[in-house]
Amino acid sequence: MPILKKLNYYRRVGRAYLLPGESQLSFWHDSAELNENAPIHSLGEYYMTFAEKAAFAGHHDTSGIPMLNYYGLIGLQYNPIAIAQWGLGNYNLFCRTGNSAARRKFLLASDWMCQHLEQNSHGVHAWNH
């Protein structure tokens, strides 16, 4: 790895892990919580609450889709896993409360996932990131 690339990597990783503030890590470091409302033998709420992810207060694009900040040369990026978990958390919230904002966020995430499904070089459909 050329020295400049390595330096950029260390700068980005150091900022995410060592400096206070918002980074992509803040999305991932929450408490995994089992959803007691999730049915076992039928469709319904998702088995994890993703409550903290549903309330993600970080950067969102103009449509409202969350973007994670990877800093450095990478910067703000969509992360399909983060978007899916944000959507599932809002789906659970909508199921429990009927909250129209949670419903809108769930549908935004669902639409984004449908629009960004791509076929890879092996012919398998995936969300690239």
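What counts, and where the lines are drawn
- Residues numbered from 1 in each chain as written.
- Predicted model: local features only at pLDDT ≥ 70, side-chain atom pairs only at ≥ 80, totals over all residues.
- Heavy atoms only, no water.
- Helix = DSSP H or I, 4+ residues; strand = E, 2+ residues; numbered from the N terminus.
- Buried < 20%, exposed > 50% of the residue type's maximum accessible area, 1.4 Å probe, protein only.
- Contact = heavy atoms within 4.5 Å.
- Areas by Shrake-Rupley, 256 points an atom, 1.4 Å probe, with all protein chains shown as cover.
- Axes fitted to C-alpha atoms, helices over the stretch in contact; angles between N-to-C directions.
- Left-handed = near helix turned anticlockwise from the far one by under 90°.
- Nonpolar A, V, L, I, M, F, W, Y, C, P; charged D, E, K, R; others polar.
- Core = buried A, V, L, I, M, F, W, Y, C linked by side-chain atoms within 4.5 Å.
- Phe/Tyr/Trp six-rings, centres within 6.5 Å; stacked < 30°, edge-to-face > 60°.
- pLDDT = per-residue confidence, 0-100.

A. Highlighting the overall build of the chain. From N to C terminus, the chain includes 5 helices and 4 strands. Counting helices and strands in the order they occur from the N terminus, the chain gives α-α-α-β-β-α-α-β-β. Scored against the burial criterion, the 129 residues of the chain give a buried share of 31%. For the chain, contacts bridging at least 24 residues in sequence account for 47% of all contacts bridging at least 6. When the accessible surface of the chain is split by element, carbon and sulfur atoms take 58% of a total near 8,600 Å².

B. How the structure looks around the packing of helix 4 (residues 80-97) against helix 5 (residues 100-115). Viewed as axis vectors pointing N to C, helix 4 and helix 5 meet at an angle of 145°, and their least axial separation amounts to 8 Å. Seen along the crossing, helix 4 lies across helix 5 with a hand that is left-handed. Facing P80, I83, A84, W86, G87, N90, Y91, L93 and F94 of helix 4, the residues of helix 5 in contact are A102, R103, K105, F106, L108, A109, W112 and M113. Its residues assigned to classes, the contact of helix 4 with helix 5 shows 13 nonpolar, 2 polar and 2 charged.

C. Here's a closer look at the side chain of N35. Relative to the helices and strands, N35 is located in the loop between helix 2 (24-28) and helix 3 (51-54). N35 sits in the buried class, given a relative accessible area of 5%. Every residue in contact with N35, bar those within four places of it in the chain, is listed here: E45, Y46, Y47, M48, T49, N92 and R96.

D. Layout of the nonpolar core. Core analysis: the largest hydrophobic core is formed by 11 residues, namely F27, F56, I65, L68, Y70, A82, I83, W86, A109, W112 and M113. Looking at this core, the elements that each hand over two or more residues are helix 4 and helix 5.

E. Main features of the packing of aromatic side chains. Tallied over the entire structure, the rule returns 4 aromatic pairs. Ring geometry for Y46 and Y47: centres 4.8 Å apart, planes at 45°, overall tilted. Their ring planes at 15° and their centres at 5.7 Å tell us that Y46 and F50 sit as a pair that is stacked. One aromatic cluster in this structure is built from Y46, Y47 and F50.

F. A look at the confidence of the model for the chain. Across the chain, pLDDT averages 87, with 83% of residues at or above 70. Model confidence for the chain, summarised as mean pLDDT per element, is weakest for helix 1 (residues 3-18) at 65 and strongest for helix 5 at 98.

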